Amino acid sequence: MEKNHIPLPLPVPDGDSAMFCDGCKEGKLLIQQCEDCAQHIFYPRAVCPHCMSDRIKWVESSGKGKVYSFTVARRPAHPAFADHVPYVVALITLDEGVRMMSNVINVDVDAVKCDMPVEVVFVKVDDQITLPKFQPVGI
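Residues numbered from 1 in each chain as written. Predicted model: local features only at pLDDT ≥ 70, side-chain atom pairs only at ≥ 80, totals over all residues. Heavy atoms only, no water.

Trainee: Give a description of the pattern of salt bridges that names residues and reports values.
Mentor: Applying the stated rule across the entire model yields 5 salt bridges. Put simply, Lys-25 and Asp-22 hold a salt bridge, and the shortest N to O gap is 3.6 Å. You can see Lys-25 and its partner Asp-22 sitting in helix H1 (residues 18-25), 3 residues apart, about one turn around the helix. Owing to a relative accessible area of 38%, Lys-25 belongs among the partly exposed residues under this scheme. A salt bridge links Asp-110 to Arg-74, with the shortest nitrogen-to-oxygen separation between them at 2.5 Å. Note that Asp-110 is positioned in the loop between strand E6 (99-104) and strand E7 (117-124) and Arg-74 in the loop between strand E4 (64-73) and strand E5 (87-94), a separation of 36 residues in sequence. By relative accessible area, which is 48% here, Asp-110 ends up partly exposed. (Salt bridge = Lys/Arg side-chain N within 4 Å of Asp/Glu carboxyl O. Helix = DSSP H or I, 4+ residues; strand = E, 2+ residues; numbered from the N terminus. Buried < 20%, exposed > 50% of the residue type's maximum accessible area, 1.4 Å probe, protein only.)

Trainee: Can you explain the side chain of Lys-133? Please cite residues and give values.
Mentor: Structurally, the position occupied by Lys-133 is in strand E8 (residues 130-136). Notably, Lys-133 is buried but unbridged: the nearest opposite-charge side chain belongs to Asp-126, and the N-O separation is 13 Å. Setting aside anything within four residues of it in sequence, one finds Lys-133 in contact with Ser-102, Asn-103, Ile-105, Glu-119, Val-120, Val-121 and Val-123. (Lys, Arg positive; Asp, Glu negative; His and termini not counted. Contact = heavy atoms within 4.5 Å.)

Okay, structure coming up:
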């Protein structure tokens, strides 16, 4: 059987997300923190959604969290994903309190559960993009 050669869609770093993407390339999961209310923030943005301050800094996350919710994709949503099914798309609650959409990897898709402790792993796609994905703690 011939492998699918349609490229996967990849994120395009912009002014708000470039630091996040650079951190991933360095093996660091960076999130933002407001310097006024101290709340952690994800997805990257210019203004704190909690207090509307623009005094935001980047901090390194522990990279640990729990699966909040998930689904198993058993049929590809797009032809580019045909060689990757089944896969888990999950909403991860990081220990810092923010939620991040990602994949849970290195585990049977039917073993993933809500509240499963996970940790970040970085998957290099090319020289420009490294994606943060999650796996069960201790693998």
